[in-house]
Structure formats: structure tokens, C-alpha cells
Amino acid sequence: MAAPRLDAFDRVFGALSEHGVAIWESPLSSAIAEVVRGEVAQLAATDHFRPAMVGRGPRKRRIPEVRADRLCWLVPSEDEDDHELFAVRPGLRALRAFVDDVRRGLSERARTSLPTVEMMATHYPPGTFYKAHIDQFVGGTERVFTFVYFLNPGWRPPDGGLLTIRRPGAQEIEPRLGRFVLFHTPEVLHEVTVTQRDRYAITGWLGRTRPR
Ligand code: OGA
Ligand code: MN
């Protein structure tokens, strides 16, 4: 079944080239999405999430007026248990494999090498948000594409928590279970509007190694 996936990559890459943003509805089955959701909920219930920080190095700090989400790094992990984390979680393992397919597909089509993957789980408790920003560079990696995989079944307009792409004709994306969004990291200003419900997602970046 290689052909449908190839067609989907062409469509997604076309949308990225044309609009800078692509929305991919359920590239993984809804059964896998449910499993990933359960695994992330379990990580949240077992104290794996930490308050998100702004900035880096000595200036890294918590600024709840900018973002008050909580996160759990998956790749690369500061935690020695990284491999175990995937070994015992088949949903995250399937997502990680899919992200690698996307990485290869985009590398070929964009004719650029994208060797690095970063990946984290995020949790926005009710009342939290992330003000408009562009995803910053970290460490030795230059981020090229951002991806977000949403994990919220039954999302409704009053729940808020939209991923809003800030540009003329702003695009507002509901964080529905199984939806996968990709955008060009350096150009796309975006925000997460106030959520009224617990809101879970996996966010990550495909990137180049930055010359030092
Ligand atoms: C981020 C981010 C968007 C979302 O984590 O940098 O912008 O919809 N996430 O969760
Ligand atoms: Mn962001």
C-alpha cells in the first residue's frame, strides 16, 4: 500500500509549498490515535510533565503570560529512560515511525537533508494558552518544519484552544484527535488560543544540523 501514502505526501508537500501550512486528517488510524492519547494521558498522570519555559540558556524561564502549557520531552529526551519510553508505548512508537516517514518524504521533495527530529508531548490545562510566536531554534539544530499531532476527541467550538496561524485570512485549526498539521517553522507566526478543556498534543520539529 505504498501508493496512497505517496499521493498523500505529494498533496501535503504541495500545500506546504503553496501555503506554508498543511493539514493532514488522520494519517494514522483512529485506533492508533486513541492509543497515543491514552499513553500521553498516562504520562501526565504519572508526573512526567513540567512547566514549559521561554528562552534558552541562562535566560530560560517560566513566563505564564506567554505560555502556561506543560510538556514532556520525547525525542531527544533529557531522560535516560528515552528508549524504555518508546519500548513500552506502541502508540508513540507508531507515531515516531510515521514522523520518520514524513521526514524522509519531505527531505526528498524539498531536496534538503532533514536529519534531526525533536518531539514532545504538550498539555494545556483549562485557562492556558500560548501567545503568538515563531518556534525558536534550539541547541545545534535549525528547525525547518513544525508538526503537531492532536489528541482531543469530541472537540467543540466552545472548548477554544485553537491553533491559529496568524496571517491575512488567519487559519484556525481545532485540535481534533488524529489531525496532523505541518508548517514551515521560520515563517509561520502562530498561537494557541485559551483552552477551556485539558488539551493534549504531540509537537515536534524536523530540522537540519546547524553548522557551528
Ligand atoms: C508549540 C505550539 C501548537 C499547538 O508547542 O510551539 O505552537 O497547537 N503548539 O499545540
Ligand atoms: Mn509553536
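Refer to the preceding data block for the structure.
Residues numbered from 1 in each chain as written. Chains lettered and ligands numbered in written order. Predicted model: local features only at pLDDT ≥ 70, side-chain atom pairs only at ≥ 80, totals over all residues. Heavy atoms only, no water.

What follows concerns the coordination of the manganese ion (ligand 2). Around a metal, the ideal angle is 109.5 degrees if four donors adopt a tetrahedral arrangement and 90 or 180 degrees if six donors adopt an octahedral arrangement. Those donors, His133 (NE2), Asp135 (OD) and His190 (NE2), are the protein atoms that reach the manganese ion (ligand 2), and they lie 2.1 Å from it. Mapped onto the sequence, the donors of the manganese ion (ligand 2) take the spacing H-x1-D-x54-H. Of this pair, His133 sits in strand β5 (residues 130-133) while His190 sits in strand β10 (residues 190-192); the two residues are 57 residues apart in sequence, bridging distant segments of the chain. Residues His133 and His190 agree in their burial class; the two are buried. (Donors = N, O, S within 2.8 Å, 3.2 Å for Na, K, Ca; no water. Helix = DSSP H or I, 4+ residues; strand = E, 2+ residues; numbered from the N terminus. Buried < 20%, exposed > 50% of the residue type's maximum accessible area, 1.4 Å probe, protein only.)

Taken together, Met120, Tyr130, His133, Asp135, Val148, Phe150, Leu163, His190, Val192, Arg199 and Thr203 form the complete shell of residues around ligand 1. Here an oxygen atom of ligand 1 and a side-chain polar atom of Asp135 are 3.1 Å apart. Here ligand 1, which alone exposes 290 Å², has 99% of that area covered by the protein. Of all the secondary structure elements, the ones that give two or more residues to the shell around ligand 1 are β5, β6 (141-150), β10 and β11 (199-209). In terms of residue class, the shell around ligand 1 is built from 6 nonpolar, 3 polar and 2 charged. (Near = heavy atom within 4 Å. Polar contact = N/O pair within 3.5 Å; in protein donor to acceptor, adjacent residues only side chain to side chain. Areas by Shrake-Rupley, 256 points an atom, 1.4 Å probe, with all protein chains shown as cover. Nonpolar A, V, L, I, M, F, W, Y, C, P; charged D, E, K, R; others polar.)

Here we take up the sheet that holds β6. Across the sheet, which stays open at both edges, the 7 strands sit in the order β1-β9-β6-β11-β4-β3-β2 with antiparallel pairing between neighbours. Each edge of the open sheet carries a strand with a single partner, namely β1 (21-25) and β2 (50-51). As paired elements, β6 and β11 share 9 bridges and run antiparallel to each other. Considered in β11, the bridge of Phe145 is made with Leu206. (Pairing = 2+ DSSP bridges.)

For the rest of this paragraph, the subject is helix α4 (residues 90-110). Taking 1.5 Å per residue as the helical rise, α4 with its 21 residues ought to reach 30 Å, and the 30 Å between its terminal C-alpha atoms agrees with that figure. Every buried residue of α4 is listed here: Gly91, Leu92, Leu95, Phe98, Val99, Asp100, Val102, Arg103, Gly105, Leu106 and Ser107. One or two steps after α4, the chain reaches Arg111, where phi turns positive at roughly 50°. (Expected span 1.5 Å × (residues − 1).)

We now examine the environment of Asp135. Tracing the backbone shows Asp135 in the loop between β5 and β6. In sequence terms Asp135 and Leu189 are 54 residues apart; their C-alpha atoms lie 8.2 Å from each other. Once residues within four sequence positions are removed from consideration, Asp135 is found in contact with Arg143, Thr146, Phe183, Thr185, His190 and Trp205. Polar contacts involving the side chain of Asp135 include one to the side chain of Thr146, which spans 2.9 Å. Here the side chain of Asp135 touches His190 through a polar contact of 3.2 Å, side chain to side chain. (Contact = heavy atoms within 4.5 Å.)

With antiparallel pairing, 4 strands are arranged side by side in an open sheet as β5-β10-β7-β8. Each of the sheet's edge strands pairs with one partner strand only, and the pair in question is β5 and β8 (171-173). Geometrically, the sheet is characterised by an average inter-axis angle of 15° between neighbouring strands, direction not taken into account. With 3 bridges joining them, strand β7 (residues 163-165) and β8 adopt antiparallel strand pairing. Residue pairing in the sheet places Ile165 in a bridge with Gln171 of β8. (Axes fitted to C-alpha atoms, helices over the stretch in contact; angles between N-to-C directions.)

A few words on helix α2 (residues 30-45). Compared with an ideal rise of 1.5 Å per residue, which puts 16 residues at 22 Å, α2 spans 22 Å between its outermost C-alpha atoms and is within 8% of the ideal. Listed in full, the buried residues belonging to α2 are Ala33, Val36, Glu39, Val40 and Leu43. Along the long axis of α2, the arc covered by the buried residues comes to 125°, so they all point the same way. In α2, the exposed positions angled more than 90 degrees off the buried face are occupied by Ser30, Ala31 and Ala45. If you follow the buried residues of α2, they end up packed against β3 (70-75), α4, β4 (116-124), β6 and β11. Of the residues flanking the end of α2, it is Asp47, one or two places downstream, whose phi is positive at about 65°. (Arc of directions from axis to C-beta.)

Okay, the nonpolar core next. The biggest cluster of nonpolar side chains holds 39 residues, and the ones touching the most others in it are Leu74 and Ile202. Contacts of Ile202, omitting those with residues within four sequence positions, involve Val36, Val40, Leu74, Leu92, Leu95, Met119, Met120, Ala121, Phe147, Val148, Tyr149 and Leu151. Core analysis: the next-biggest nonpolar cluster, separate from the first, contains 10 residues, Phe150, Ile173, Val181 and Ala201 among them. (Core = buried A, V, L, I, M, F, W, Y, C linked by side-chain atoms within 4.5 Å.)

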